[in-house]
Amino acid sequence: MFAPTSTIWSWLEEVPDPEIPAISLVDLGVIRRVKWDGNTLVVTVTPTYSGCPATSVINLDIETALRSRGVQELRLERQLSPPWTTDWITAEGRNKLRAYGIVPPMPGTSAKSRAGGLIGRLSGSGDIRIECPRCGSADTEKVSQFGSTPCKASYRCRACLEPFDYFKCI
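For clarity, every value in this text was computed on a predicted model and none was experimentally measured. (Residues numbered from 1 in each chain as written. Predicted model: local features only at pLDDT ≥ 70, side-chain atom pairs only at ≥ 80, totals over all residues. Heavy atoms only, no water.)

(A) A look at the overall build of the protein. Within the protein, the secondary structure is distributed over five helices and seven strands. Buried residues in the protein amount to 42% of all 170 residues. Here the contacts in the protein between residues at least 6 apart in sequence split such that 56% fall between residues at least 24 apart. For the protein, the accessible area works out to roughly 8,600 Å², and carbon and sulfur atoms hold 52% of it. (Helix = DSSP H or I, 4+ residues; strand = E, 2+ residues; numbered from the N terminus. Buried < 20%, exposed > 50% of the residue type's maximum accessible area, 1.4 Å probe, protein only. Contact = heavy atoms within 4.5 Å. Areas by Shrake-Rupley, 256 points an atom, 1.4 Å probe, with all protein chains shown as cover.)

(B) View of the nonpolar core. If you look at the biggest cluster of nonpolar residues, it comprises 31 residues, and the most contacted ones within it are Ile8, Leu12, Ile31, Val43, Ile62, Leu66 and Phe167. Of all the secondary structure elements, the ones that give two or more residues to this core are helix 1 (5-12), helix 2 (25-28), strand 1 (31-37), strand 2 (40-45) and helix 3 (55-67). Top contributing element to this core by residue count: helix 3, with four residues. The residues contacting Ile8, other than those within four sequence positions of it, are Ala3, Val34, Trp36, Leu41, Leu66 and Val71. Core analysis: the second largest hydrophobic core is formed by nine residues, Ile130, Ala153, Tyr155 and Cys157 among them. (Core = buried A, V, L, I, M, F, W, Y, C linked by side-chain atoms within 4.5 Å.)

(C) View of the environment of Pro47. Along the chain, the position of Pro47 falls in the loop between strand 2 and helix 3. Taking the C-alpha atoms as reference points, Pro47 and Ile31, 16 residues apart in sequence, are found 8.5 Å from one another. Setting aside chain neighbours within four positions, we find Pro47 in contact with Thr55, Arg78, Gln79, Leu80 and Trp84.

The following block contains the structure:
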């Protein structure tokens, strides 16, 4: 089956991230390219980090979604360079994260976006203000640099007392 790449992208927009099902793999920005190479559909995937435990599940979910739509010849390619960055999360993806109760990465805070970003990100320091996704209060505190997954930190809102995750910048 030879579907236009725009159709393939729309199919992939329906494939949820296995760790955060409210956001698609396309919204997350891990699907980098879709192209036909002769009779073979080639999908290029950049994992959020090279050791991401969800990579094999992501690849299986992509393959399952495409094969269920009739794609027979399929090749998944892993691309590590350039490395994935939270800057690749779409605007729609950021909105979906917030609605799900996870604060999306703050614009301009990734290691690629500002000098010293890597040091601040790894040390847990920094001057960014994280607002509660539930009540909007900026009176929040970091509970742990590590949340439910390695790419998130745990926070608590002092105003509404609700815990929430912050998707760390990479």
